[in-house]
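Read off the chains here:
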Amino acid sequence: MTSVLYDAPGPRAKRRNVLFTIVFLVALAAVVWWVLLSLADKNQLDWAKWEPFFTDSRAWTTYLLPGLENTLIAATLAMVIALPLGAFLGIARLSDHGWVRGAGGTVVEFFRAIPVLILMLFANAAYSEFTDVSPDTRPLYAVVTGLVLYNASVLAEVVRAGILSLPRGQTDAAKAIGMRKGQTMRFVLLPQSVTAMLPAIVSQLVVIVKDTALGGAMLGFSELLASVRPMSANYGANTIASFTVVAVIFVILNFALTTFASWLEGRLRRGKRTTGAVVGAGAVEELATPGEHVGPEDLGKPGAGPTDHTN
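Nothing here was measured: the structure is a model prediction, and the numbers come from that model.

### Describing the overall build of the chain
Part 1: Along the backbone of the chain there are 12 helices and 0 strands.
Part 2: Taken across its 311 residues, the chain has 34% of its residues classed as buried.
Part 3: Taking all contacts inside the chain whose residues are at least 6 apart in sequence as the whole, residues at least 24 apart take part in 70%.
Part 4: Total accessible area on the chain is roughly 19,600 Å²; 66% of this is exposed by carbon and sulfur atoms.

Spelled out as structure tokens, the structure:
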């Protein structure tokens, strides 16, 4: 049995695949066991280092929750600004006007080529030099600015690719009924391309959540990952335990984001499979020619009024 992408494995190939799987699992188990032994030798698995996260609420109220709050604030602000800005830049790159297309392309290519950390550092220096932003809130401004500039440029390419992936017939049909290009983009192309773009958009939103940690590493932004250092110093050098807990929180955040996106994508796809509104008996009577009465039992009979076969 074959498919478009590959030939189905035969008996020997199946045995070989099973053997490779077993070897890989054994090697993975050996690596995990070696890591655990190394941590145990350095006393990193002692209950005393993990106990504060289960018995001391101050580990959460003083370090983890404030850091998580700052991470969510920075990520949410960056998402709210980057998504519409990315859509605007992506549409600008498809403009019929050369100067609009060129300006949008220049902005996208410039900021997409610069590492997000450098954008944060430049933004922090700019806020310090040219604005009166408080030093306490300046790291937040710099982190959000860097994330917006970089991720909006990436999202612009996602939007552009999603729109270009639609069949040409969608645009032609919109033109045939007299829609202008702006109306075609707003009412026809963008709504249909959202479902195709959603997985890539969600991946970029996950990147935004994780990249907030760069602000803590270089700008002193008190986000979630930055809480590890003071927490470890306060609880007896439990660095591994602190990093593990922070990593689990990041996994939960990103998993919740991707789960919501999967639900939304499924809902959008189910909505596109609907057949439209149901025409009731009263509406059918209105479609009949003047002087005629057409009831539901007459539907489909010759001369029973106009019918629509263009579903």
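Picking up where we left off.
### Considering the nonpolar core
Part 1: Judged by nonpolar contacts, the single largest core of 48 residues is most densely connected at Phe53, Leu64, Met79, Val143, Leu147, Ile208 and Leu224.
Part 2: Put simply, the parts of the chain that give this core at least two residues each are helix 4 (58-92), helix 6 (116-130), helix 7 (138-164), helix 9 (181-218), helix 10 (228-234) and helix 11 (239-272).
Part 3: Per-element accounting of this core gives the leading share, 10 residues, to helix 7.
Part 4: Leu147 has contacts with Ala78, Val116, Met120, Ala152, Ile208, Asp211 and Thr212, leaving out every residue within four places of it along the chain.

### Some points on the packing of helix 5 (residues 98-113) against helix 7
Part 1: Axis separation between helix 5 and helix 7 bottoms out at 8 Å; the angle between their running directions is 125°. Judged on the interaxial angle alone, helix 7 and helix 5 are oblique. As for how helix 5 packs across helix 7, the hand of that crossing is left-handed. Residues Val107, Val108, Phe111 and Arg112 of helix 5 lie in contact with helix 7, whose contacting residues are Leu149, Tyr150, Ser153, Val154, Ala156 and Glu157.
Part 2: In terms of residue class, the contact of helix 5 with helix 7 is built from 7 nonpolar, 1 polar and 2 charged.

### As for the confidence of the model for the chain
Part 1: When pLDDT is averaged along the chain, the result is 83, and 85% of the positions lie at 70 or above.
Part 2: Throughout residues 274-281 the model reports pLDDT below 50, and contacts reaching past four residues in sequence, or to other chains, amount to 2 contacts.
Part 3: Counted against residues more than four places away or in other chains, residues 283-290, with its pLDDT under 50, gives 8 contacts.

### A short note on unusual backbone geometry
Part 1: At Asn43, a residue that is not glycine, the phi angle is positive and equals roughly 60°.
Part 2: For Asn43, the location among the structural elements is in the loop between helix 1 (11-41) and helix 2 (47-50).
Part 3: A positive phi is found at Ala237, a non-glycine position, where the angle reads about 55°.
Part 4: Within the secondary structure, Ala237 sits in the loop between helix 10 and helix 11.
Part 5: Look at Ala237 and you get partly exposed, because its relative accessible area is 44%.

### Comments concerning the pattern of salt bridges
Part 1: Within this structure, the stated rule accounts for 7 salt bridges.
Part 2: Notably, a salt bridge pairs Arg93 with Glu157, separated by 2.6 Å at the nearest N-O pair. On the criterion of sequence distance, the pair formed by Arg93 in the loop between helix 4 and helix 5 and Glu157 in helix 7 is long-range, its members being 64 residues apart. The exposure classification of Arg93 matches that of Glu157, with both residues buried.
Part 3: Among the ionic pairs, Glu109 bridges to Arg112, the shortest N-O distance being 2.9 Å. Residue Glu109 and its partner Arg112 are located together in helix 5, separated by 3 residues, close to a single helical turn.
Part 4: Look at Glu109 and you get partly exposed, because its relative accessible area is 36%.
Part 5: The exposure class of Arg112 is partly exposed, given its relative accessible area of 32%.

### Section: a nonpolar patch on the surface
Part 1: Taken together, the side chains of Phe24, Leu25, Leu28, Val32, Trp33, Leu36, Leu37 and Leu45 make up a nonpolar region of the molecular surface, amounting to roughly 780 Å² of accessible area.
Part 2: Structurally, Leu25 is set in helix 1.

### Concerning the packing of aromatic side chains
Part 1: Per the counting criterion, the structure on display carries 5 aromatic pairs.
Part 2: Arranged with centres 5.6 Å apart and planes meeting at 25°, the rings of Trp47 and Phe54 form a pair that is stacked.
Part 3: When the ring of Tyr63 is compared with that of Tyr235, the centres are 6.3 Å apart and the planes differ by 75°; the resulting orientation is edge-to-face. With Tyr63 in helix 4 and Tyr235 in the loop between helix 10 and helix 11, the pair connects residues that are 172 residues apart, well separated along the chain.
Part 4: Using a relative accessible area of 14% as the deciding quantity, one classes Tyr235 as buried.

### Overview of the environment of Leu89
Part 1: By the secondary structure assignment, Leu89 is in helix 4.
Part 2: A residue is classified by how much of its surface remains accessible, and Leu89, at 9% relative accessible area, is buried.
Part 3: Sequence separation between Leu89 and Ala152 is 63 residues; the distance between their C-alpha atoms is 7.9 Å.
Part 4: Not counting the four nearest positions on each side in its chain, Leu89 is found in contact with Val107, Val108, Ala152 and Ala156.

### A closer look at the side chain of Asn254
Part 1: Here Asn254 shows up in helix 11.
Part 2: Accessibility expressed as a relative area gives 12% for Asn254, which makes it buried.

Basis of the calculations
- Starting afresh in each chain, residues are numbered from 1 along the sequence in its written order.
- Confidence filtering applies because this is a predicted model: local features only for residues at pLDDT of at least 70, side-chain atom pairs given and counted only at 80 or more, and all residues used for totals across whole chains, interfaces and linings.
- Note that water and hydrogens are dropped before the side-chain values are worked out from all heavy atoms of the structure.
- Elements are defined by DSSP. Helices are runs of H or I of four residues or more, strands are runs of E of two residues or more, and each kind is numbered from the N terminus.
- Remark: exposure states derive from per-residue accessible area (1.4 Å probe, protein chains only) relative to the maximum for the residue type, with buried under 20%, exposed over 50%, and partly exposed in between.
- We call two residues in contact whenever any of their non-hydrogen atoms come within 4.5 Å of each other.
- What sets the accessible areas is the Shrake-Rupley method with a 1.4 Å probe; for residues, cover comes only from the shown protein chains.
- For our purposes a nonpolar core is just a set of buried Ala, Val, Leu, Ile, Met, Phe, Trp, Tyr and Cys residues, chained together by side-chain atoms within 4.5 Å.
- To define axes, lines are fitted to C-alpha atoms, for helices over the stretch in contact only, and angles between the resulting N-to-C directions are given on a 0 to 180 degree scale.
- An angle counts as roughly parallel when it lies under 35 degrees, as roughly antiparallel when it exceeds 145, as roughly perpendicular when it falls between 65 and 115, and as oblique in every other case.
- Take the far helix as your reference; a near helix turned counterclockwise from it by less than a right angle gives a left-handed crossing, and one turned clockwise gives a right-handed crossing.
- Put simply, Ala, Val, Leu, Ile, Met, Phe, Trp, Tyr, Cys and Pro go in the nonpolar bin, Asp, Glu, Lys and Arg in the charged bin, and everything else, Gly too, in the polar bin.
- As a per-residue measure, pLDDT reflects the predictor's confidence and takes values from 0 up to 100.
- Within this document, salt bridges are pairs made up of a side-chain nitrogen of Lys or Arg and a carboxyl oxygen of Asp or Glu, the two lying within 4 Å of each other.
- By definition, no residue in a patch forms a salt bridge, and every one has over 30% relative accessible area; like charges are joined within 9 Å, nonpolar side chains (Val, Leu, Ile, Met, Phe, Trp, Tyr) within 5 Å.
- Centre distance within 6.5 Å is the pairing criterion for rings of Phe, Tyr and Trp, where only the six-membered ring of Trp is used; planes under 30 degrees apart are then read as stacked, over 60 as edge-to-face, and the remainder as tilted.

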